[in-house]
Amino acid sequence: MVSSMAYDVQVTIDCEKPHEQAKWWAEAMGWQVEPSDGDFIRSMVEQGHAQEEDTTVFEGNLVWKVGAAIANPANPSGPRLLFQSVPEPKTAKNRQHLDIQVGDERETVAQTLVEKGATILYRDSQGPYTWITMTDPEGNEFCLT
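In this text, all values refer to a predicted model and were calculated from it rather than measured experimentally.

> Got a minute to help me understand helix α1 (residues 18-29) in this structure?
Because each turn of an α-helix spans 3.6 residues, side chains separated by three or four positions in sequence point in the same direction. The terminal C-alpha atoms of α1, which comprises 12 residues, lie 16 Å apart, in line with the 16 Å expected from a rise of 1.5 Å per residue. Within α1, burial applies to P18, H19, Q21, A22, W24, W25, A26 and A28. Following α1 by one or two positions, G30 has its phi on the positive side, about 70 degrees.

> Quick question: what am I supposed to make of the packing of aromatic side chains here?
Aromatic rings in a pair are described by how distant their centres are and how their planes are angled relative to each other. On inspection of all chains with the given rule, the structure shows 3 aromatic pairs. Relative to W25, the ring of W24 lies with its centre 5.2 Å away and its plane at 80 degrees, an arrangement referred to as edge-to-face. Taken as a pair, W24 and W25 share a single burial class, namely buried. The exposure class of W25 is buried, given its relative accessible area of 1%. Aromatic rings pair up to connect W24, W25 and F142 into one cluster.

> It is not clear to me how a nonpolar patch on the surface should be interpreted in this structure. Could you clarify?
Nonpolar side chains collect at one region of the surface, where F40, W64 and V66 lie side by side and expose about 280 Å² of accessible area between them. Here W64 lies in strand β4 (residues 61-64).

> Would you explain the pairing of strand β9 (residues 129-135) in this entry?
Each regular strand carries side chains that alternate between the two faces of the sheet. Among the 7 residues in β9, 5 count as buried, and that is most of the element. As defined by bridge partners, strand β8 (residues 119-126) adjoins β9 across 7 bridges and the pair is classed as antiparallel. The residue of β9 that forms the bridge with D124 is W131. In this structure, the hairpin formed by β8 and β9 is closed by a connection of 2 residues, where G127 is found at a positive phi of approximately 55 degrees. Across 4 bridges, the pairing between β9 and strand β10 (residues 141-144) is antiparallel. Bridge assignment links T133 to a residue of β10, and that residue is C143.

> Sorry, what's going on with a negative patch on the surface here?
Taken together, the side chains of E46, E52, E53 and D54 make up a negatively charged region of the molecular surface. With respect to the helices and strands, the residue E46 is situated in helix α2 (residues 38-46). A relative accessible area of 66% places E46 in the exposed class.

> Help me understand the pairing of strand β3 (residues 55-58), please; the structure alone is not making it clear to me.
Across 4 bridges, the pairing between β3 and β4 is antiparallel. Looking at the pairing, T56 lines up with V63 of β4. Counting the residues that bridge the hairpin from β3 to β4 gives 2 residues, and of these E59 lies at a positive phi of roughly 50 degrees.

The rules behind these values
- Every chain's residues receive numbers from 1 upward, in the order its sequence appears when written.
- This being a predicted model, a pLDDT of at least 70 is required before a residue's local features are given, and a value of 80 or more before pairs of side-chain atoms are given or counted; all residues contribute to the totals for chains, interfaces and linings.
- Hydrogens and water molecules were not included; the side-chain quantities draw on all heavy atoms of the structure.
- Only runs of H or I of at least four residues qualify as helices and only runs of E of at least two qualify as strands under DSSP, and these elements are numbered from the N terminus.
- Expected span, for any helix, means 1.5 Å times one less than how many residues it has.
- Note on exposure labels: buried denotes an accessible area under 20% of the residue type's maximum, exposed denotes more than 50%, and partly exposed covers the range between, all computed with a 1.4 Å probe on protein chains only.
- Stacked, edge-to-face and tilted labels apply to pairs of Phe, Tyr and Trp rings (six-membered ring for Trp) whose centres lie within 6.5 Å, assigned for plane angles under 30 degrees, over 60, and everything in between, in that order.
- To count toward a patch, a residue needs a relative accessible area above 30% and no salt bridge. Like charges then connect within 9 Å, nonpolar side chains (Val, Leu, Ile, Met, Phe, Trp, Tyr) within 5 Å.
- To measure how exposed things are, a 1.4 Å probe is used in the Shrake-Rupley method; for residues, cover is taken only from the protein chains shown.
- Definition used for salt bridges: Asp or Glu carboxyl oxygen within 4 Å of a side-chain nitrogen of Lys or Arg.
- Strand pairing is defined by DSSP finding a minimum of two bridges between the two strands.
- For the purpose of counting charges, residues Lys and Arg are taken to be positive, whereas Asp and Glu are taken to be negative. His and the chain ends are not included.
- One atom stands in for each charge, and that atom is NZ of Lys, CZ of Arg, CG of Asp or CD of Glu.

Structure below.
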């Protein structure tokens, strides 16, 4: 440990379509997409701190092109997920992944996520622990535990 201070955590996920991914994950986890401040973004462009090509419109809102974040409304000071645009597609298994703890609703939640574009890779268990390994619409692995 570097110091005795506690640090906040943000998990960043590389993807092709950050705003679509943020929306999908917010729905999957019952979280909320952090609102975009179109006026702030416009002022940054007008002042020369950003370029028009740094922005896009998603669902009628002016947003930064490179990313979108989600947070748990029940725990606003907790970790957030940032979906960040990268030029290359996913090519290999994740070195880390999210475990979403849904308990006895695992099968129901899995089917709902499949209907929204997820894929079930496999089901497994070890001792008293059972999980379903899945991928989101861009192929990022996660588990329902």
